[in-house]
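Next come the chains, spelled out residue by residue.
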Amino acid sequence: MFYLATEAGITVAELTKDGVKGDGEVHVGTMHRFKGLEYQKLAIVGARDGVIPRTAAIDRYRESDPQRYASEVHKARSLLFVATRARDAHRISWHGASSPYISR
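Residues numbered from 1 in each chain as written. Predicted model: local features only at pLDDT ≥ 70, side-chain atom pairs only at ≥ 80, totals over all residues. Heavy atoms only, no water.

S.K.: Explain the overall build of the protein here, please?
M.R.: Across its full length, the protein holds five helices and five strands. Across the protein, helices and strands are ordered from the amino to the carboxyl terminus as α-β-β-β-α-β-α-α-α-β. On the principal axes, the C-alpha backbone points of the protein span a range of 45 × 30 × 25 Å. Nonlocal contacts in the protein, meaning residues at least 24 apart in sequence, comprise 55% of its contacts between residues at least 6 apart. On the protein, roughly 7500 Å² of surface is accessible, and the fraction owed to carbon and sulfur atoms is 51%. Separation of charge centres in the protein, based on 16 positive and 12 negative side chains, amounts to 4 Å. (Helix = DSSP H or I, 4+ residues; strand = E, 2+ residues; numbered from the N terminus. Contact = heavy atoms within 4.5 Å. Areas by Shrake-Rupley, 256 points an atom, 1.4 Å probe, with all protein chains shown as cover. Lys, Arg positive; Asp, Glu negative; His and termini not counted. Charge placed at Lys NZ, Arg CZ, Asp CG, Glu CD.)

Right, dumping it as structure tokens:
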């Protein structure tokens, strides 16, 4: 948000659990905040492997609890899917290796 507002000159508003804070034209928030909402245009930034899904958070279940691991993987995939609801266009970007949930 800071970069968009100060360096790019874009007015931003933060999407919080209580709704939109600020009067910016661009809403910024986590995928959890955008889940279930629909925007005209949407961008997801940083959708790289290890971040989506958060490997550190779910890999600990891979060996010890395979059922929980499968459930966590499913939740992460579903979150990305529901966070990309856009009426007209959506863009997903990453650096390095993309998330395994993004088809190219």
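Further notes follow.
S.K.: How do you make sense of the confidence of the model for the protein when you look at a structure like this?
M.R.: The predicted coordinates should not be examined in detail at positions where pLDDT is low. In this model, the protein carries a mean pLDDT of 90, and residues with pLDDT of at least 70 account for 99%. At the level of individual helices and strands, the protein shows its lowest average pLDDT in helix H3 (residues 55–58), which scores 86, and its highest in strand S1 (residues 12–16), which scores 94. (pLDDT = per-residue confidence, 0-100.)

S.K.: Please clarify how the nonpolar core should be interpreted in this entry.
M.R.: It is characteristic of soluble globular proteins that their nonpolar side chains tend to be buried jointly. The biggest cluster of nonpolar side chains holds 14 residues, and the ones touching the most others in it are Met 31, Ile 44, Ile 52, Leu 80 and Tyr 101. Among the elements that line this core, the one with the most residues is helix H5 (residues 66–82), at five residues. Excluding its chain neighbours within four sequence positions, the residues that come into contact with Met 31 are Ile 44, Ile 52, Leu 79, Leu 80 and Ala 83. (Core = buried A, V, L, I, M, F, W, Y, C linked by side-chain atoms within 4.5 Å. Buried < 20%, exposed > 50% of the residue type's maximum accessible area, 1.4 Å probe, protein only.)

S.K.: Whenever I open this one, the environment of Ser 78 confuses me. Can you help?
M.R.: Among the structural elements, Ser 78 can be located in helix H5. Between the alpha carbons of Ser 78 and Gln 67 there is a distance of 17 Å; along the sequence they are eleven residues apart.

S.K.: Is there a simple way to think about the pattern of salt bridges in this case?
M.R.: Between side chains of opposite charge, a pair can form as their charged atoms come close. As enumerated under the stated definition, the model contains four salt bridges in all. The salt bridge involving Arg 68 is made with Glu 72; its shortest N-O contact spans 3.0 Å. Residue Arg 68 and its partner Glu 72 are located together in helix H5, separated by four residues, close to a single helical turn. In this structure, the salt-bridge partner of Glu 72 is Lys 75, at a minimum N-O distance of 3.2 Å. Of this pair, Glu 72 and Lys 75 both sit in helix H5, three residues apart, roughly one helical turn. Of the residues examined, Glu 72 reaches a relative accessible area of 15% and is grouped as buried. Because the salt bridges share partners, they merge into one network encompassing Arg 68, Glu 72 and Lys 75. (Salt bridge = Lys/Arg side-chain N within 4 Å of Asp/Glu carboxyl O.)

S.K.: Is there a simple way to think about the environment of Val 28 in this case?
M.R.: With respect to the helices and strands, Val 28 occurs in strand S3 (residues 26–28). For the pair Val 28 and Gly 50, spaced 22 residues apart in sequence, the C-alpha separation works out to 21 Å. Setting aside anything within four residues of it in sequence, one finds Val 28 in contact with Met 1, Leu 4, Val 12, Ala 13, Glu 14, Leu 15 and Phe 34.

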